[in-house]
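# Summary of structural features
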Amino acid sequence: MVLPSPLFGVAGFPPNFFCSEFGKKRENIFAWLNHIGLDWIELQNTYGVKMKDDQARLYRNYSEQYNIGISIHGPYYISLASRDRDVVARSRERILQCIHLAN
């Protein structure tokens, strides 16, 4: 049985990225990860889903170009177990925003 190779990457944009020659533009994260031999990034939306669709498409194109996988971290304040129906409704909306962004 052949196991798949593990994938390694970063969560967000590490300080070393900004210190590198790639660090002038955030979309260069994919070239930088490829350059240092990593193959994954987790895009963090921890304080709300604020990425624009155009930026998401740009990131998808670069991820395919540099063979870098992407995962999304949803907002910290998602709670589907709250007794407050408004909190649950807003949490569901944030999950749907992340799904939209991922697509």
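Residues numbered from 1 in each chain as written. Predicted model: local features only at pLDDT ≥ 70, side-chain atom pairs only at ≥ 80, totals over all residues. Heavy atoms only, no water.

### A look at unusual backbone geometry
Notably, asparagine 67 is not glycine yet its phi reads approximately 55 degrees, a positive angle. You can see asparagine 67 is positioned in the loop between α3 (53-66) and β3 (69-73). Take asparagine 67: its relative accessible area is 62%, and that puts it in the exposed class. (Helix = DSSP H or I, 4+ residues; strand = E, 2+ residues; numbered from the N terminus. Buried < 20%, exposed > 50% of the residue type's maximum accessible area, 1.4 Å probe, protein only.)

### Describing the pairing of β3
Of the pairings in the sheet, the one linking strand β2 (residues 40-44) to β3 comprises 5 bridges and is parallel in character. Paired with leucine 43 across the strands is isoleucine 72, a residue of β3. For the handedness criterion, the β-α-β arrangement of β2, α3 and β3 is classed as right-handed. (Pairing = 2+ DSSP bridges. Right-handed = clockwise from strand over helix to strand, strands pointing away.)

### A few points about α3
Look at α3: 20 Å from first C-alpha to last across 14 residues, which is about the 20 Å you get at 1.5 Å a residue. Packing partners of the buried residues in α3 comprise α2 (29-36), β2, β3 and α4 (85-102). Just downstream of α3 lies asparagine 67, where phi reads positive at about 55 degrees. (Expected span 1.5 Å × (residues − 1). Contact = heavy atoms within 4.5 Å.)

### Some thoughts on the nonpolar core
Where a protein is soluble and globular, its nonpolar side chains tend to be buried together. Core analysis: the biggest nonpolar cluster contains 15 residues, and Ile29, Phe30, Trp32, Leu33, Ile41 and Met51 have the highest contact counts within it. For this core, the secondary structure elements donating two or more residues are α2, β2 and α3. A per-element tally of this core places α2 first, with 5 residues. Non-local contacts of phenylalanine 30, meaning those with residues more than four positions away in its chain, are made with Ile41, Tyr59, Tyr62, Ser63, Tyr66, Ile68 and Ile70. (Core = buried A, V, L, I, M, F, W, Y, C linked by side-chain atoms within 4.5 Å.)

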